[in-house]
Amino acid sequence: MNARDTSPPHQRFPWLGWLLGQGVILVVIVFTGRFAEERPQFEPDDFRYLALLQQEESSPGRSILDQWVVENSWRHLWWMDVAANVRFFRPTVFESFRVDRIFHGAGARGVHRTNVVLHGITCLLASALLFRALRSRLAALAASTLFASFYCHGETLWYASGRTDSLAALFFLTGLTLHVGGSHTHRWLRGFGPAAFLLALFSKELTVVLPVLLLLHDRWTQRSPSSWFSLLKKEKRLYAAYAMVALLSLLLRQMALAGRGDGALVFPYFVSPGDPAQYLTHVFTQLRAYSENLLFARYTPPFVQPETVGQFTSWGKFALGMAVACAVIAITWKRRRMWFFAVLGFTTWLPTSVAYVSERYLLLPSLALAGAIGLFLENTRPRRWLFRFFVVMVFGWAAHQAWQLDQKNRFYSSPHLPRVAEVISRRCAPFRDSVAQGKELLFVNFPSNWVHAQFLQDQLRIVLNLPAARARVLTLMPESQKADPLIQLRKKGERTVEIHATSSLMEHRDAVFPWVSMRPGEQYDLRGMDGRITVIEGDVHRLQTFQVDLPRPLENYLVLTFVPPDNPTMSRSEQLLRGQIKELQVP
């Protein structure tokens with residue numbers, strides 16, 4: 001090991017340099033987050049938390065543990081044959097939305113303002129750790145600025161539910177900061193670490209690795225190396241508290257989730273390691289997407305699959321990214337702090353390796369990358385010209401990331417091109433009176449994806465302010481559709497209706513439709529509705545006509561459809577913005 005690593009980086013905290021760094025970071029946060037806060041909009045699954053709060057207010061009496069469970073289920077989606085649920089225990093996240101509702105109401109502005117504040121505090125904590133870990137203040141400033149600027153942080157700003165990762169990172173870094181800050185003086189600070197650890201676990205389970213990282217920090221940065229056992233013995237009360245917090249969190253989680261289904265790893269939300277070939281392919285897809293995101297600020301779409309990742313990545317940029325990573329490791333591998341950052345990055349990424357691809361999962365691993373880059377800069381200090389060259393390179397890297405992040409937030413907050421959920425909310429508002437009278441909404445030709453369809457009911461409950469509103473999506477708008485499909489309803493009985501389109505009602509194109517053969521005569525039970533669908537006309541490529549047997553008479557349902565403008569040159573976004581949602585009358 002490098003002898004220079006046997007003493008702490010700083011005997012005293014570099015306050016002046018750190019304050020300068022915080023000023024730079026705040027400028028970056030304000031620059032990149034202003035549009036997310038000024039013109040906020042909700043994503044479909046953001047309504048899930050708001051609907052949970054709404055249900056609690058309208059139907060009090062549920063236990064506090066039940067309130068803290070956030071669940072993804074597909075019982076109401078006839079085209080997705082998945083009986084399992086995906087459940088999460090999120091007390092900190094749920095209560096943060098409650099605070100937003102108290103102080104800001106149900107609007108998007110207050111929610112997104114909180115997201116920006118949480119992200120800002122996270123960046124300041126990360127900067128404090130980097131200034132403590134790095135001897136060169138300029139290297140620490142460059143690394144801190146890089147972390148605050150990373151393009152991958154966009155989802156923690158404009159995506160309300162992205163605060164799951166912000167809160168987890170915030171309390172994770174709070175615990176780490178308290179531990180590091182109390183390693184030589186003010187050791188009483190460490191006593192608050194277990195409380196931060198509990199809030200981190202209540203935000204996301206991947207933070208369970210915090211005590212391991214604290215132990216590694218003490219082992220690799222103290223003056224006189226000792227055994228692992230002696231370290232644990234020296235801080236036995238502290239680590240006993242961490243163990244008790246972990247056990248308490250696990251116990252409460254098990255109590256909350258007991259009896260709520262099997263909790264299977266549902267594709268495409270999760271890829272099970274039980275299938276090694278599929279899992280390794282998924283991990284390689286993550287590696288390709290994440291490396292270009294971090295190095296080149298390349299957009300990483302959620303749920304990107306191995307067969308489509310090539311549309312968002314290139315082998316040349318991937319090779320360059322791997323070359324940069326190898327170069328940094330080759331130059332810094334003798335540093336104990338480098339191995340600490342490596343463990344930090346690996347342990348905070350590993351739990352997400354089974355999850356779908358998403359930029360926000362890079363929040364904590366990107367701190368490890370920033371720390372490694374800071375160590376790389378430190379190693380070039382003996383050659384001043386080289387050190388200055390690479391410092392300029394890192395600041396340029398950060399500037400490019402910040403600029404691209406600003407452009408992304410500007411796009412997602414554009415008043416001229418609102419997001420899909422915003423448009424659907426506006427178009428469905430006129431049907432409030434019908435839904436208030438007890439009618440259940442059935443949506444044909446829904447102009448969004450399957451994720452949005454999953455959360456449509458929660459969205460309408462918030463938009464229409466009707467906690468008991470019920471909505472079901474029967475078909476998604478086909479990708480090939482460019483004009484009015486002339487959808488028609490034909491009454492076949494008191495509780496039976498036939499739905500027909502001249503072109504197609506839905507196409508067999510997506511991985512979430514593997515069970516839909518779309519052959520005439522086949523029947524499927526509607527989950528959560530006690531109804532049935534019978535395919536009348538179609539083939540393995542498209543569905544044209546089907547019959548719906550409903551549990552209630554037809555007058556209890558409101559059938560809506562999206563009618564795009566008759567302009568084949570329009571993009572899908574323009575169609576959505578200029579199209580209409582109309583009621584289909586049952587003759």
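Residues numbered from 1 in each chain as written. Predicted model: local features only at pLDDT ≥ 70, side-chain atom pairs only at ≥ 80, totals over all residues. Heavy atoms only, no water.

Chemist: Go over the overall build of the protein, please, and point to the residues and values.
Modeler: Counting its secondary structure elements, the protein contains 22 helices and twelve strands. The buried share of the protein, reckoned over its 587 residues, is 57%. A sequence separation of at least 24 residues applies to 75% of the contacts in the protein between residues at least 6 apart. Element-wise, carbon and sulfur atoms account for 61% of the exposed surface of the protein, whose accessible area totals about 25000 Å². (Helix = DSSP H or I, 4+ residues; strand = E, 2+ residues; numbered from the N terminus. Buried < 20%, exposed > 50% of the residue type's maximum accessible area, 1.4 Å probe, protein only. Contact = heavy atoms within 4.5 Å. Areas by Shrake-Rupley, 256 points an atom, 1.4 Å probe, with all protein chains shown as cover.)

Chemist: Describe helix 4 (residues 91–104), listing the residues and the values that go with them.
Modeler: Compared with an ideal rise of 1.5 Å per residue, which puts 14 residues at 20 Å, helix 4 spans 20 Å between its outermost C-alpha atoms and is within 8% of the ideal. On the buried face of helix 4, the contacting elements are helix 2 (46–58), helix 3 (64–67), strand 2 (86–89), helix 5 (108–133), helix 8 (163–181) and helix 9 (193–201). Of the residues flanking the end of helix 4, it is Gly-105, one or two places downstream, whose phi is positive at about 75°. (Expected span 1.5 Å × (residues − 1).)

Chemist: Account for the sheet that holds strand 4 (residues 471–473), with residues named and values stated.
Modeler: Within the open sheet, the four strands sit side by side as 4-3-11-12. Their pairing is mixed. Bordering the open sheet on either side are strand 4 and strand 12 (580–583), each of which pairs with just one other strand. Each strand axis lies, on average, 25° off the axis of its neighbour in the sheet, ignoring direction. Sheet topology note: the strand 11 (residues 557–563)/strand 12 ladder contains four bridges and is antiparallel. When the bridges of strand 12 are listed, Phe-562 appears paired with Ile-581. Each of strand 3 (440–444) and strand 4 touches helix 21 (residues 456–463); the most contacted strand, strand 4, lies at about 145° to it. (Pairing = 2+ DSSP bridges. Axes fitted to C-alpha atoms, helices over the stretch in contact; angles between N-to-C directions.)

Chemist: Would you mind going over the packing of helix 13 (residues 276–296) against helix 17 (residues 384–412) in detail, with residue names and values included?
Modeler: Orientation of helix 13 relative to helix 17, taken along the N-to-C sense of each, is 110°, at an axis distance of 8 Å. Comparing their axes, helix 17 and helix 13 come out roughly perpendicular. Residue-level inspection shows Asn-293, Leu-294, Leu-295 and Phe-296 of helix 13 in contact with helix 17, the latter providing Trp-397, His-400 and Gln-401. Split by residue class, the contact of helix 13 with helix 17 holds four nonpolar, three polar and no charged. (Parallel < 35°, antiparallel > 145°, perpendicular 65-115°, else oblique. Nonpolar A, V, L, I, M, F, W, Y, C, P; charged D, E, K, R; others polar.)

Chemist: How would you explain the pattern of salt bridges if you had to name every residue and give the values?
Modeler: Applying the stated criterion across every chain yields a total of 21 salt bridges. Connected through salt bridges with shared partners, the residues Glu-155, Asp-165, Lys-204 and Arg-360 form a single ionic network. (Salt bridge = Lys/Arg side-chain N within 4 Å of Asp/Glu carboxyl O.)

Chemist: Pulling in residues and values, what's your account of the pairing of strand 3?
Modeler: Among the five residues of strand 3, five are classified as buried, and the element is accordingly described as predominantly covered. Residue alternation in strand 3 divides its side chains into two sets, Glu-440, Leu-442 and Val-444 and Leu-441 and Phe-443, and both sets are buried. By the bridge criterion, five bridges tie strand 3 to strand 11 in an arrangement that is parallel. Paired with Leu-441 across the bridge in strand 11 is Leu-558.

Chemist: Quick rundown of the packing of helix 14 (residues 315–332) against helix 16 (residues 363–379)? Include the residues and the values.
Modeler: Orientation of helix 14 relative to helix 16, taken along the N-to-C sense of each, is 55°, at an axis distance of 9 Å. Viewed along their axes, helix 14 and helix 16 adopt a mutual orientation that is oblique. Relative to helix 16, helix 14 is oriented so that their crossing is left-handed. From helix 14, Val-328, Ile-331 and Thr-332 reach across to helix 16, where they touch Ala-372, Ile-373, Leu-375, Phe-376 and Asn-379. Residues belonging to the contact of helix 14 with helix 16 are distributed by class as follows: six nonpolar, two polar and no charged. (Left-handed = near helix turned anticlockwise from the far one by under 90°.)

Chemist: Quick one: what's the story with helix 8, residue by residue and with numbers?
Modeler: End to end, helix 8 covers 26 Å across 19 residues, agreeing with the expected 27 Å (1.5 Å per residue, within 8%). Most of helix 8 is tucked away: 17 of the 19 residues are buried.

Chemist: Describe in detail the side chain of Gln-41, supporting the description with residues and values.
Modeler: Mapped onto the elements of the fold, Gln-41 is located in the loop between helix 1 (15–38) and helix 2. Residue class for Gln-41 comes out buried when judged on its relative accessible area of 6%. A distance of 2.8 Å separates the side chain of Gln-41 from the backbone nitrogen of Arg-419, its partner in a polar contact. If we skip the residues at most four places from it in the chain, Gln-41 touches Ala-108, His-112, Trp-158, Tyr-412, Ser-413, Ser-414, Pro-418, Arg-419 and Glu-422. (Polar contact = N/O pair within 3.5 Å; in protein donor to acceptor, adjacent residues only side chain to side chain.)

Chemist: Tell me what's going on with unusual backbone geometry, and back it up with residues and numbers.
Modeler: In the Ramachandran plot, Ala-297 falls in the positive-phi region, its phi being about 55° despite a non-glycine side chain. Taking the relative accessible area as the measure of exposure, Ala-297 reaches 5% and is therefore buried.

Chemist: Hey, could you go over the packing of aromatic side chains for me, with residue numbers and the actual values?
Modeler: One pass over the full model with this rule turns up 23 aromatic pairs. With centroids separated by 4.1 Å and ring planes inclined at 15°, the aromatic side chains of Phe-303 and Tyr-356 adopt a geometry described as stacked. Placement of the pair is Phe-303 in the loop between helix 13 and helix 14 and Tyr-356 in the loop between helix 15 (336–349) and helix 16, with a sequence separation of 53 residues. Residue classification places Tyr-356 among the buried residues on the basis of a relative accessible area of 12%. Connected via pairs of aromatic rings, a cluster forms that spans Phe-303, Tyr-356, Tyr-361 and Trp-450. Across the ring face of Phe-97, the terminal group of Arg-163 is positioned such that the distance to the ring centre comes to 4.3 Å. (Phe/Tyr/Trp six-rings, centres within 6.5 Å; stacked < 30°, edge-to-face > 60°. Lys NZ or Arg CZ within 6 Å of the ring centre and 35° of its normal.)

Chemist: Talk me through the side chain of Arg-190; I want residue IDs and the actual numbers.
Modeler: With respect to the element layout, Arg-190 can be found in the loop between helix 8 and helix 9. Classification of Arg-190 as buried rests on a relative accessible area of 4%.

Chemist: Summarise the environment of Leu-364; cite the residues concerned and give the values.
Modeler: Relative to the elements of secondary structure, Leu-364 occurs in helix 16. Separated by 198 residues in sequence, Leu-364 and Ser-166 place their C-alpha atoms 9.2 Å apart.

Chemist: Lay out the confidence of the model for the protein with the relevant residues and their values.
Modeler: A residue-level look at the protein finds 89% of positions with pLDDT of 70 or above and a mean pLDDT of 85. In the model, residues 1–12 has pLDDT below 50 throughout and makes 31 contacts with residues more than four positions away in sequence or in other chains. (pLDDT = per-residue confidence, 0-100.)

Chemist: Describe a nonpolar patch on the surface, listing the residues and the values that go with them.
Modeler: Among the surface-exposed residues, Val-99, Ile-102 and Phe-103 lie close enough to one another that they form a single nonpolar patch of about 350 Å² accessible area. Relative to the helices and strands, Phe-103 resides in helix 4. (Patch = residues over 30% accessible without salt bridge, like charges linked within 9 Å, V, L, I, M, F, W, Y side chains within 5 Å.)

Chemist: Give a description of the environment of Pro-365 that names residues and reports values.
Modeler: Within the secondary structure layout, Pro-365 lies in helix 16. Sequence separation between Pro-365 and Ala-342 is 23 residues; the distance between their C-alpha atoms is 8.9 Å.

Chemist: Residues and numbers for the environment of Leu-214, please.
Modeler: Tracing the sequence through the fold places Leu-214 in helix 10 (residues 210–221). What makes Leu-214 buried here is its relative accessible area of 0%. With near-sequence residues (within four places) excluded, Leu-214 lies in contact with Gly-175, Leu-176, His-179, Tyr-239 and Tyr-242.

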